[in-house]
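Letter by letter, the chains look like this.
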Amino acid sequence: MTMLVHNTIGRGTFDRAHSLGRHLVRIGHNVTLFAGASARSTPRRHFMNGVEVIEASDPLPARGRESGLSPFDLIHRMRSLHSRPCDVVHCFDHRPAVSFPGIRLARIRRAACIFDWADLWGQNGIAAERRPLGRVSLGMMDHFLEQRVRRNADGLTVINTALSEHAQKHFRTPIHLLPVGASSDLIKPLPKKEMRQRFGLPEDRPIAVYTGLAPYDVAYLAEAFVGVIKQHPKALLVTSGRPFPVMDQIFKAAGYADHLLCLGMLEREALAAAMSCADVLLLPYTNRPVNVFRYPNKLGDYLSAGRAVVTNATGDLGRLVIEEKVGFAVPDTTEAFAAAVARLFADRDLADEIGRRGRCVAENKLDWGFLATGLERFYQQTISSRS
């Protein structure tokens, strides 16, 4: 089978597709995954956990290489896929470098064409978060394409209930709910003391860790954590991923600049170590349209790391945290978020108990291996229905 994403290795939907792909390989499938080019170089073909990963030669800057809009990536995929045998094509999202070659390959090989829907990109989704020019240009293109290209799908996979309901209103195609999973075999709880020593973090301070690339709720997080510091004066917020200047500004304005530390982009092994430094892992996820139609990958990582989670009571994610008792899912006020973090800082036994419960859920309910088995059945059903 062939999977296509526009993200580069280790970013966004690449992790979703690769996590599924490596478990499909384990149960006997051959999986090829086309990804955005990690660097400006010659075409690259290599294997990651049994998945063949192919990248184009793409001279564009990093943002262009993973945008799904690169003409170099599009042409490379069109040429590479022309003679590739497969029985299932899984397109993760709608951007041209994913959807155009994916639809073409499915037609040439008479293969089942599956589209994954992990974000609402158009109106009431990501487009609404863009600046005015971006909403009019890129937002309108995304709004048109994400609806139009999925008309070619034999089946849809969707990341949460809200997108499932949205898809049911627009398509009669079979729909499979495919939520965020947990890489419990790759990310494991590590000793807190040793991991703090590795990163040079103090052993005697309450530490919360936030990982992420999306900017949607970082100002909310920063304001909430200022409230935490007022209750726990030694509290430290450690982040990994993109630096967000707005967070620095909020901490500095409150006089707490030395309570925020950014570790930058980390590879998976270092990221697992960083999460294990935490007393609490933070996932701000307020009830806004862009969040309702997505489901952050980091939840699976957090639960695998065996640490308590503080988030908001939004969508499927909030329901899971509440029902499985793997953390606190609170109302959208910064006061409620701060109070939840402060409570876990004050009661380490409770935080540890919740973390162990989260790890159990990651292993026994959310592991990507279970989700890949369900996806395999959906592939088989889709292929059978086309016969």
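Here the structure is shown first, and the text comes after it.
Residues numbered from 1 in each chain as written. Predicted model: local features only at pLDDT ≥ 70, side-chain atom pairs only at ≥ 80, totals over all residues. Heavy atoms only, no water.

**Quick word on the pattern of salt bridges**
Selection rule: One side-chain nitrogen of Lys or Arg within 4 Å of one carboxyl oxygen of Asp or Glu is enough to make a salt bridge. Secondary structure elements follow DSSP: runs of H or I no shorter than four residues count as helices, runs of E no shorter than two count as strands, and numbering proceeds from the N terminus. For each residue, the accessible area found with a 1.4 Å probe, counting protein chains only, is set against the maximum for its type, and the residue is called buried under 20%, exposed over 50%, and partly exposed in between.
Using the criterion set out here, one finds 22 salt bridges in the structure. Between Arg196 and Asp279 there is a salt bridge, with the nearest N and O atoms lying 2.9 Å from each other. A residue pair is termed long-range when its members are at least 10 positions apart, and Arg196 in helix 8 (residues 192-199) and Asp279 in the loop between helix 11 (268-275) and strand 12 (280-283) qualify at 83 residues. Since its relative accessible area comes to 2%, Arg196 is described here as buried. Here the salt bridges share partners, and the residues they tie into one network are Lys192, Arg196, Asp279 and Arg348.

**Quick notes on the sheet that holds strand 1 (residues 2-4)**
Paired through backbone hydrogen bonds, the strands of a sheet run either parallel or antiparallel to each other. Worth spelling out the cut-off: For two strands to be treated as a pair, DSSP must find no fewer than two bridges joining them. Convention adopted: a line fitted to C-alpha atoms gives each axis, helices being fitted over their contacting stretch, and angles between N-to-C directions are expressed from 0 to 180 degrees. The contact criterion used is simple: two residues touch if any of their non-hydrogen atoms lie within 4.5 Å.
Pairing within the open sheet is mixed, and its eight strands lie in the order 3-4-2-1-5-6-7-8. Each having just a single partner strand, strand 3 (44-48) and strand 8 (175-177) make up the two edges of the open sheet. Here the average twist between neighbouring strands, direction ignored, is 20°. Both strand 1 and strand 2 (residues 32-35) contribute to a ladder of three bridges, which runs parallel. The residue of strand 2 that forms the bridge with Leu4 is Phe34. Along the sheet, helix 4 (residues 96-109) contacts strand 1, strand 5 (88-92) and strand 6 (112-117); its crossing angle with strand 5, the most-contacted strand, is approximately 165°. Lying over the sheet, helix 17 (residues 368-386) contacts strand 1, strand 5, strand 6, strand 7 (155-158) and strand 8, oriented at roughly 135° with respect to strand 6.

**Observations regarding the sheet that holds strand 11 (residues 260-262)**
As summarised here, the arrangement of the six strands in space is 11-10-9-12-13-14, forming an open sheet in which the pairing is parallel. Strand pairing shows two members of the sheet lacking a second neighbour, strand 11 and strand 14 (327-330), which therefore form its edges. On average, each strand axis in the sheet is tilted by 20° relative to the strand beside it, whichever way the strands run. One ladder, built from two bridges, connects strand 9 (residues 207-212) with strand 12; its direction is parallel. Counted as the bridge partner of Ala208 is Val280 from strand 12. Relative to the sheet, helix 11 contacts strand 9, strand 10 (236-241) and strand 12, its axis offset from that of strand 9 by approximately 150°.

**As for helix 14 (residues 315-324)**
Since the α-helix turns once every 3.6 residues, residues separated by three or four places project in the same direction. For helix 14, every residue scored as buried is listed here: Asp316, Leu317, Gly318, Leu320 and Val321. Immediately beyond the C-terminal end of helix 14, within one or two residues, lies Lys325, with a positive phi of roughly 55°.

**A closer look at the pairing of strand 6**
Threshold: The crossover handedness rule: strands pointing away from the viewer, path from first strand over the helix to second strand clockwise, crossover right-handed.
Extensive coverage of strand 6 is indicated by the burial of six of its six residues. Covered by surrounding structure in strand 6 are Ala112, Ile114 and Asp116 together with Cys113, Phe115 and Trp117, the residues of both alternating faces. Bridge count for strand 5 against strand 6 is five bridges, and the pairing is parallel. When the bridges of strand 6 are listed, Phe92 appears paired with Asp116. Handedness of the β-α-β unit built from strand 5, helix 4 and strand 6 comes out right-handed. Both strand 6 and strand 7 contribute to a ladder of four bridges, which runs parallel. If you follow Phe115 over to strand 7, its bridge partner there is Leu156.

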